[in-house]
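Secondary and tertiary structure notes
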Amino acid sequence: MDSVSPKVVPDAAKQSRRRKRRGGCLFVLALLLGGLWGFYLWVPWEFDLRDRVPPIPNPKMAPEPERLFAKDTRVLIVTAHPDDSEFYTGGTLAKLRDAGAEIWQVITTDGDKSFYGPFTNVEENRRVRREESLEAARAWGGTNLVMLGYPDGRLKNSQELVKRLKQEIEKFQPEYVMSFDYDFPPRRSHKDHRITGQAVALALEDAPSVRWYLRFSTSQPNYHEDISNYWAEKEQFLMIHKSQFQEKKDFIVDMVKKRAIEDGEAIDKRYAEGFRVMQMKQ
């Protein structure tokens, strides 16, 4: 008679251990994913997984340079942080100064870096960065500086923010406004930058004085301003912000220079700053 092998049944203890190990692994994975999500929410940066579809059309456009670079032309630049204007548009600002334009600046946050944690000296950051902003503005010819004072790294788009920007636009009646490109930012960029750009776009919906809107920090520039003769000054402007750049001077200058060279190649110049411009009215 043929013998039949008995069916092997794992004992209950082994099954229990397997379930515990599986549950432990799932718990660790959940903690890891939760930690990564929490870190993403905490850091003031946004990441696009892929490039945004380019605007169609996006024709090359010159924002009436002869009018932009003219005596008494009113130009408003709106940034998120105290060093943004020098970082992204320092050469253009120096060029505007030499042309005799009147330049106002609005900074939406106070640069306190409170998001760094409880040991951050918020008051000292706020004081130092305001002084650096004033010094930089004097260097490139700014005639007025307004800091709206929202928390650095935690800026939220709100009706209040848009309203305050509208108030500054109504006071100054600028012909040109410069700010961040919300629609086509770099794939990795600061949340405060994107929100500032979005709020400015909303504030400009009913701004009769504004002829041109120039958006910097953009992945889709359609205009490049030659700053070859102003590169040295742009470097000097950056170094005014010692609290931010002194310890990493070479890294910052190399990064900004690389971008300026790439923008310059678009117009066969040594250095340039790229913008995505929009004509607001004829």
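Residues numbered from 1 in each chain as written. Predicted model: local features only at pLDDT ≥ 70, side-chain atom pairs only at ≥ 80, totals over all residues. Heavy atoms only, no water.

Remarks on the sheet that holds strand S8 (residues 223–226)
Convention followed: Strand pairing follows a simple DSSP-based rule, namely that at least 2 bridges must link the two strands. Helix and strand labels come from DSSP, where a helix needs a run of H or I of at least four residues and a strand needs a run of E of at least two; each type is numbered from the N terminus. Axis geometry follows a simple rule: fit a line to the C-alpha atoms, using only the stretch in contact for helices, then measure angles between N-to-C directions, giving values from 0 to 180 degrees. The criterion used for residue contact is that any of the two residues' heavy atoms lie within 4.5 Å.
Taken together, the seven strands give an open sheet; going across it, the order is S4-S3-S2-S5-S7-S9-S8, and neighbouring strands pair in mixed fashion. The open sheet has two edge strands, strand S4 (142–150) and S8, and neither has a second partner. Strand-to-strand twist in this sheet, taken as the mean axis angle between neighbours without regard to direction, amounts to 25°. Relative to strand S3 (residues 102–109), strand S2 (residues 74–79) is paired through six bridges, and the arrangement is parallel. Within S3, the position partnered with isoleucine 77 by the bridge is glutamine 105. Along the sheet, helix H5 (residues 159–172) contacts S2, S3 and S4; its crossing angle with S3, the most-contacted strand, is approximately 170°.

Here's the deal with a positive patch on the surface
Keep this limit in mind: For patch building, the residue pool is restricted to those with more than 30% relative accessible area and no salt bridge; the joining distance is 9 Å between like charges and 5 Å between nonpolar side chains (Val, Leu, Ile, Met, Phe, Trp, Tyr). The Shrake-Rupley method, run with a 1.4 Å probe sphere, supplies the accessible areas, and residue values consider only the shown protein chains as cover. By convention in these notes, a salt bridge is any Lys or Arg side-chain nitrogen within 4 Å of a carboxyl oxygen on Asp or Glu. Charge counting follows a simple rule: Lys and Arg are positive, Asp and Glu are negative, and His as well as the terminal groups are ignored. A charged residue contributes its charge at one atom only: NZ of Lys, CZ of Arg, CG of Asp or CD of Glu.
Together, Lys14, Arg17, Arg18, Arg19, Arg21 and Arg22 line one region of the surface with positive charge. When you line up the elements, arginine 21 lands in helix H1 (residues 12–42).

Concerning the pattern of salt bridges
Under the defined criterion, the tally for this structure stands at 22 salt bridges. We note a salt bridge from glutamate 64 to arginine 211, for which the minimum N-O separation is 3.1 Å. Of this pair, glutamate 64 sits in the loop between strand S1 (45–47) and helix H2 (65–68) while arginine 211 sits in the loop between helix H6 (191–203) and strand S7 (212–216), placing them 147 residues apart in sequence. A salt bridge links arginine 259 to aspartate 263; the nearest nitrogen and oxygen atoms lie 3.1 Å apart. Note that arginine 259 and aspartate 263 are positioned in helix H9 (residues 249–265) at a spacing of four residues, about one turn of the helix.

Quick word on the packing of H5 against H6
The condition that has to hold: Oblique is the label for every angle not falling under 35 degrees (roughly parallel), over 145 degrees (roughly antiparallel), or within 65 to 115 degrees (roughly perpendicular). Two helices crossing with the near one rotated counterclockwise from the far one by less than a right angle form a left-handed crossing, whereas a clockwise rotation gives a right-handed crossing.
Look at H5 against H6: their axes get within 9 Å of each other, and the N-to-C directions meet at 60°. In terms of their interaxial angle, H5 and H6 are classed as oblique. Where H5 crosses over H6, the two elements pack in a sense that is right-handed. On H6, the residues touching Leu161, Val162, Leu165, Lys166 and Ile169 of H5 are Ile195, Ala199, Val200, Leu202 and Ala203.

Observations regarding unusual backbone geometry
For the peptide bond that leads from isoleucine 56 to proline 57, omega is -5°, which places it in the cis range. Take proline 57: it is sitting in the loop between S1 and H2. Its identity is not glycine, yet glutamine 173 carries a phi of approximately 55°, on the positive side. Mapped onto the fold, glutamine 173 is located in the loop between H5 and strand S5 (176–180). One non-glycine residue, aspartate 268, lies in the positive phi region at around 60°.

Looking at the side chain of aspartate 152
Condition: Each residue gets one of three labels from its accessible area relative to the maximum for its type: buried under 20%, exposed over 50%, partly exposed in between, using a 1.4 Å probe on protein chains only. Between N or O atoms, a polar contact is any pair within 3.5 Å; within protein, one atom must be a potential hydrogen donor and the other a potential acceptor, and residues adjacent in sequence are included only when both atoms are from side chains.
In this structure, aspartate 152 sits in the loop between S4 and H5. On the basis of relative accessibility, which here comes to 2%, the residue aspartate 152 falls in the buried class. Here lysine 113 takes part through its backbone nitrogen, which lies 3.1 Å from a polar atom of the side chain of aspartate 152. Not counting residues up to four positions away in its chain, the partners in contact with aspartate 152 are His81, Thr109, Asp110, Gly111, Asp112, Lys113, Ser114, Phe115, Arg129 and Asp192.

Thoughts on helix H3 (residues 84–99)
The cut-off we apply is this: Multiplying 1.5 Å by the residue count of a helix minus one yields the expected span of that helix. To get the bend at a given residue, fit one axis to the seven residues ending there, fit another to the seven starting there, and take the angle between those axes.
Helix length check: H3 (16 residues) gives 22 Å between terminal C-alpha atoms against 22 Å at 1.5 Å per residue, within 8%. Along H3, the sharpest kink reaches roughly 85°, centred on glycine 90. Among the residues of H3, those classed as buried are Asp84, Ser85, Glu86, Phe87, Thr89, Gly90, Gly91, Thr92, Leu93, Ala94 and Leu96. The positive-phi residue at the C-terminal boundary of H3 is glycine 100, with phi of around 95°.

Regarding the nonpolar core
Our working rule: In plain words, nonpolar cores are sets of buried Ala, Val, Leu, Ile, Met, Phe, Trp, Tyr and Cys residues tied together by side-chain atoms within 4.5 Å.
Core analysis: the largest hydrophobic core is formed by 36 residues, its most contacted members being Leu96, Trp140, Met178 and Leu214. Mapped onto this core, the elements with two or more residues apiece are S2, H3, helix H4 (122–139), S5, S7, helix H7 (231–240), H9 and strand S9 (272–279). The leading source of residues in this core is H7, at five residues. Within the second largest apolar cluster, 22 residues are counted, among which are Val78, Tyr150, Leu204 and Ala207.

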